[in-house]
Amino acid sequence: MYTIGICDDNELFCWKLENFILDYCDKIHWEVETIIFSSGEELLKHWNQEEPLDMLFLDIELKTMSGISIGQELRKNPENESTQIVFVSIKKDYALQLFKIRPLDFLVKPISYEEAAKILDTYCKLFIHMKPMFEYRSSKKMYRLDQRNIIFLQSSGKIITIHTTNGNRQFYGKLSETMNQLNKNCFYCVHKSYIININYILEYQANELLMSDFTKIPISQSRRIAFRQSILKHHIESRTI
């Protein structure tokens with residue numbers, strides 16, 4: 001089950017967008033729950049008490065809070081990185097202010113069904129396959145972890161450390177075998193000691209990556225060309241759906 005939030009103080013807009021979402025999801029048999037928030041305060045209260053949303057349509061011009069300030073607040077917590085934010089506004093000139101919040105997209109009101117469907121298409125293409133859980137054994141117990149929350153994995157000897165948006169976990173294993181569990185569209189082995197989630201890359205250079213937790217990760221020389229092609233493919237697909 002995926003959860004999609006709509007935060008807007010215009011009741012009619014929320015109703016129409018919710019119907020667009022439910023109609024689209026019904027057509028592709030995608031099981032979702034929608035939650036409507038009439039204010040930024042209501043959204044933040046929910047966020048502090050419940051699990052993060054998978055996707056959020058967020059109005060910029062709310063009555064008492066700016067959607068931009070809400071987005072900035074959410075992004076302060078690494079646990080919220082997996083939430084894909086789509087900003088909506090009656091104005092077009094917010095692009096530079098939204099860059100650091102890393103939104104999935106930006107839509108100008110009024111929104112048509114086709115525009116909403118295209119955004120949902122993009123989300124499905126890039127993220128819906130991330131829902132499966134990653135399983136590992138530690139201290140004779142099995143644990144399950146949402147793949148969307150994994151930033152990168154690092155091996156040191158026989159110990160593998162999973163760096164997540166909510167702290168680190170460790171288990172004994174081989175990085176090559178671990179890769180078999182992970183989704184190949186989003187996880188890449190860039191070095192014999194590192195597997196990274198492409199969705200958490202902040203900066204990319206030919207020989208090094210900066211991840212969202214500000215860890216710098218080397219790219220092996222033998223893997224640079226293939227990884228660069230993967231980055232390009234991922235970028236093109238995310239913009240041409």
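None of the values given here were measured: they were computed from a predicted structure.

**A short note on helix 5 (residues 113–127)**
Consideration 1: For helix 5, with 15 residues, the first-to-last C-alpha span of 21 Å sits near the 21 Å given by 1.5 Å per residue.
Consideration 2: Turning to helix 5, its buried residues are Ala 116, Ala 117, Ile 119, Leu 120, Thr 122, Tyr 123, Cys 124, Leu 126 and Phe 127.

**Overview of the side chain of His 191**
Consideration 1: Among the structural elements, His 191 can be located in strand 11 (residues 187–191).
Consideration 2: The buried category is assigned to His 191, whose relative accessible area is 19%.
Consideration 3: Leave out the neighbours within four places in its chain, and His 191 touches Leu 175, Pro 218, Ser 220 and Arg 223.

**Let's talk about the sheet that holds strand 8 (residues 150–156)**
Consideration 1: The sheet built from five strands is open, its strands ordered 10-9-8-12-11 with antiparallel pairing. Two strands close off the open sheet at either side, each with one partner strand: strand 10 (167–172) and strand 11. Here the strands of the sheet are splayed against their neighbours by 20° on average, with no regard to which way each runs.
Consideration 2: Pairing geometry for strand 8 and strand 9 (residues 159–164), over six bridges, is antiparallel. In the strand pairing of strand 9, Leu 153 is matched with Ile 162.

**Focus: the sheet that holds strand 5 (residues 105–108)**
Consideration 1: With parallel pairing, five strands are arranged side by side in an open sheet as 2-1-3-4-5. Among the strands making up the open sheet, the edge pair consists of strand 2 (32–37) and strand 5. Strand after strand, the sheet turns through a mean of 15° between neighbouring axes, direction not considered.
Consideration 2: Where strand 3 (residues 55–59) meets strand 4 (residues 84–89), five bridges bridge the pair, whose relative direction is parallel. Bridge pairing in strand 4 places Phe 57 opposite Val 86.
Consideration 3: Across the sheet, helix 1 (residues 11–28) touches strand 1 (2–7), strand 2, strand 3 and strand 4, and the angle it forms with strand 2 is around 175°.
Consideration 4: Where helix 3 (residues 67–75) meets the sheet, it contacts strand 3 and strand 4, and its direction lies at approximately 170° from that of strand 4.

So, how was this worked out
- Residues numbered from 1 in each chain as written.
- Predicted model: local features only at pLDDT ≥ 70, side-chain atom pairs only at ≥ 80, totals over all residues.
- Heavy atoms only, no water.
- Helix = DSSP H or I, 4+ residues; strand = E, 2+ residues; numbered from the N terminus.
- Expected span 1.5 Å × (residues − 1).
- Buried < 20%, exposed > 50% of the residue type's maximum accessible area, 1.4 Å probe, protein only.
- Contact = heavy atoms within 4.5 Å.
- Pairing = 2+ DSSP bridges.
- Axes fitted to C-alpha atoms, helices over the stretch in contact; angles between N-to-C directions.

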